[in-house]
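So you can see what is in the structure, the chains are spelled out below.
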Amino acid sequence: MTSPARAEGLAFVIDSGAAAISLVDVTTLQEVRRVPVLREPHHMALSPDHRFLLIGDTVGNQLIFCDPISGEIVRRVAMPDPYQLQFSPDGKTLVVTELARNRVDIYDAESYHLRFRLALASLPSHINFSPDSKAVFVSLQQSNRLVAIALASGDVRWNVDIGDTPAGVLWLNGRVLVAVMGGNGLAVVDPATGAIERHVMTGRGAHNLFLSPDGKTLYVTNRVDSTIAVLDAKTLVVAREIALPGGPDDLDFAPDGTLWVTRRFAHSVAVLDPDSGKYAIIEVGRSPHGIWLNTHDHLPRAVAARETQP
């Protein structure tokens, strides 16, 4: 791989099985650099000030701060078992799940001081927030539960049975949606009580869910069926399915409308046209999991580039 990496746009692909981050040029669709980490990274989150892309090295017990433009590692901080991590919508709180240690940690987003630590069995996994930043919702994969936690106090509001092996969580239109892998679809949950209002079938191994930038389309990755279900975001009606072999897992949206999807079992990323279903394949490291593109308009480089164009 060439070094250093500097491109107009980069996709950050976390190779969990290769202990590395693949940096892929969004224009040429080529991996330009592979950044080694300690042991086993999985997920990432952009800091509220957009200065750093935080990557959790789960087995390495380390939080890695990367430059979101170049991909260079600028800082490393010891942190126990950082699996999934997300900042609250108001940018004041960082929530981290410790998958192997069965804990959820709530940090101050500015100082990274630990405010609350909750023991929650077992396998706390995915995270999402209420829009007012008052609550965080965490799926507990091994105990088949979803928990709501008050961010101000660290108290558990409710902890309910949600179905077999829940994963991705998303707040949408006043409800919490949970991808239930063993249930082959979504559970639609009342955020006040945790009551399941209905189920939406999307495919075997429904794993994660992503809202399109225009807010009109919901994409659900079904890892066992190796499909992506395309839903109307308002009605949650499944419009169609897109076949994508290799265990589609996480995805992000490129400026040209394509979906960049990690193929967890095929050691590659698919660049997918959601209209035609056609895709190109980019080889990366083993077991690619999280993915994020630095081409989003909220980044300084993207905004500056737009403002200088005629």
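Residues numbered from 1 in each chain as written. Predicted model: local features only at pLDDT ≥ 70, side-chain atom pairs only at ≥ 80, totals over all residues. Heavy atoms only, no water.

1. Some points on the nonpolar core
Then, number 1: If you look at the biggest cluster of nonpolar residues, it comprises 16 residues, and the most contacted ones within it are Phe12, Ile21, Leu23, Met44, Leu53 and Ile55.
Then, number 2: Of all the elements in the fold, those that place two or more residues in this core are β1 (10-15), β2 (20-25), β3 (30-36), β4 (41-46), β5 (53-57) and β6 (62-66).
Then, number 3: Of all the elements, β1 adds the most residues to this core, at three residues.
Then, number 4: Those residues in contact with Ile55 that sit more than four places away from it in its chain are Ile14, Ile21, Pro41, His43, Met44, Gln62, Leu63, Ile64 and Cys66.
Then, number 5: Ala206, Leu218, Ala233 and Leu236 belong to the second-largest nonpolar core, a separate cluster that totals 15 residues. (Core = buried A, V, L, I, M, F, W, Y, C linked by side-chain atoms within 4.5 Å. Buried < 20%, exposed > 50% of the residue type's maximum accessible area, 1.4 Å probe, protein only. Helix = DSSP H or I, 4+ residues; strand = E, 2+ residues; numbered from the N terminus. Contact = heavy atoms within 4.5 Å.)

2. Observations regarding the packing of aromatic side chains
Then, number 1: Considering all chains together, one arrives at six aromatic pairs under this definition.
Then, number 2: For the pair Phe137 and Trp158, a centre-to-centre distance of 5.9 Å together with 35° between the ring planes defines the contact as tilted. Here Phe137, found in strand β13 (residues 135-140), pairs with Trp158, found in strand β15 (residues 156-161); they are 21 residues apart in sequence, far enough to count as distant.
Then, number 3: For Phe137, a relative accessible area of 2% puts it in the buried group. (Phe/Tyr/Trp six-rings, centres within 6.5 Å; stacked < 30°, edge-to-face > 60°.)

3. Description of the pattern of salt bridges
Then, number 1: Evaluation of the coordinates by the stated rule reveals nine salt bridges.
Then, number 2: A salt bridge links Asp249 to Arg223, with the shortest nitrogen-to-oxygen separation between them at 2.8 Å. In this pair, Asp249 is assigned in strand β24 (residues 248-253) and Arg223 in the loop between β21 (217-222) and β22 (227-232), connecting sequence segments 26 residues apart.
Then, number 3: The exposure class assigned to Asp249 is buried, which follows from its relative accessible area of 0%.
Then, number 4: In this structure, a network of salt bridges that share partners links the residues Glu98, Arg103, Asp105 and Arg117. (Salt bridge = Lys/Arg side-chain N within 4 Å of Asp/Glu carboxyl O.)

4. Remarks on the pairing of β21
Then, number 1: In terms of burial, β21 is a largely internal element, six of the six residues being buried.
Then, number 2: Burial of the side chains of β21 extends over both faces: Thr217, Tyr219 and Thr221 are buried on one face and Leu218, Val220 and Asn222 on the other.
Then, number 3: Across five bridges, strand β20 (residues 206-211) lies against β21 in antiparallel orientation. Residue Ala206 lies in a different strand from β21, and its bridge partner there is Asn222.
Then, number 4: From the end of β20 to the start of β21, which pair antiparallel, there are five residues, and Gly215 there has a positive phi angle of about 75°.
Then, number 5: Examined bridge by bridge, β21 and β22 share six bridges and lie antiparallel to one another. (Pairing = 2+ DSSP bridges.)

5. What about the confidence of the model for the chain?
Then, number 1: The predicted model of the chain has a mean per-residue pLDDT of 93, with 93% of residues at 70 or higher.
Then, number 2: With pLDDT under 50 throughout, residues 1-7 is counted as low confidence; its partners more than four residues away or in other chains account for 16 contacts. (pLDDT = per-residue confidence, 0-100.)

6. Examining the environment of Val138
Then, number 1: Among the structural elements, Val138 can be located in strand β13.
Then, number 2: Between the alpha carbons of Val138 and Ile73 there is a distance of 28 Å; along the sequence they are 65 residues apart.

7. Things to note about the sheet that holds strand β23 (residues 238-243)
Then, number 1: Strand order in the open sheet made by the four strands is β20-β21-β22-β23, with antiparallel pairing throughout. Two strands close off the open sheet at either side, each with one partner strand: β20 and β23. The average undirected angle you get between the axes of adjacent strands in this sheet is 20°. (Axes fitted to C-alpha atoms, helices over the stretch in contact; angles between N-to-C directions.)

8. Focus: the sheet that holds β6
Neighbouring strands of a sheet are bound in pairs by backbone hydrogen bonds; such pairs are parallel or else antiparallel.
Then, number 1: Taken in spatial order, the four strands make up an open sheet running β4-β5-β6-β7, and their pairing is antiparallel. Because the sheet does not close on itself, it has two edges, and the strands there are β4 and β7 (73-78). Between one strand axis and the next, the sheet turns by 25° as a mean value, whatever way the strands run.
Then, number 2: In this structure, β6 lies alongside β7, joined through five bridges in antiparallel fashion. Residue pairing for β7: Gln62 is matched across the bridge by Ala78.

9. Quick word on the side chain of Arg223
Then, number 1: We classify Arg223 as buried; its relative accessible area is 18%.
Then, number 2: Here Asp249 takes part through its side chain, which lies 2.8 Å from a polar atom of the side chain of Arg223. (Polar contact = N/O pair within 3.5 Å; in protein donor to acceptor, adjacent residues only side chain to side chain.)

10. Remarks on the pairing of strand β14 (residues 145-150)
Then, number 1: Burial within β14 is extensive, with five of its six residues counted as buried.
Then, number 2: Sheet topology places β13 next to β14; six bridges connect them, and they run antiparallel. Paired with Ser139 across the strands is Leu146, a residue of β14.
Then, number 3: Here five bridges tie β14 to β15, and the two strands are oriented antiparallel to one another. Bridged to Ile149 within β15 is Val156.
Then, number 4: Linkage of β14 to β15, two consecutive antiparallel strands, is achieved through a turn of five residues, within which Gly154 is found at a positive phi near 80°.

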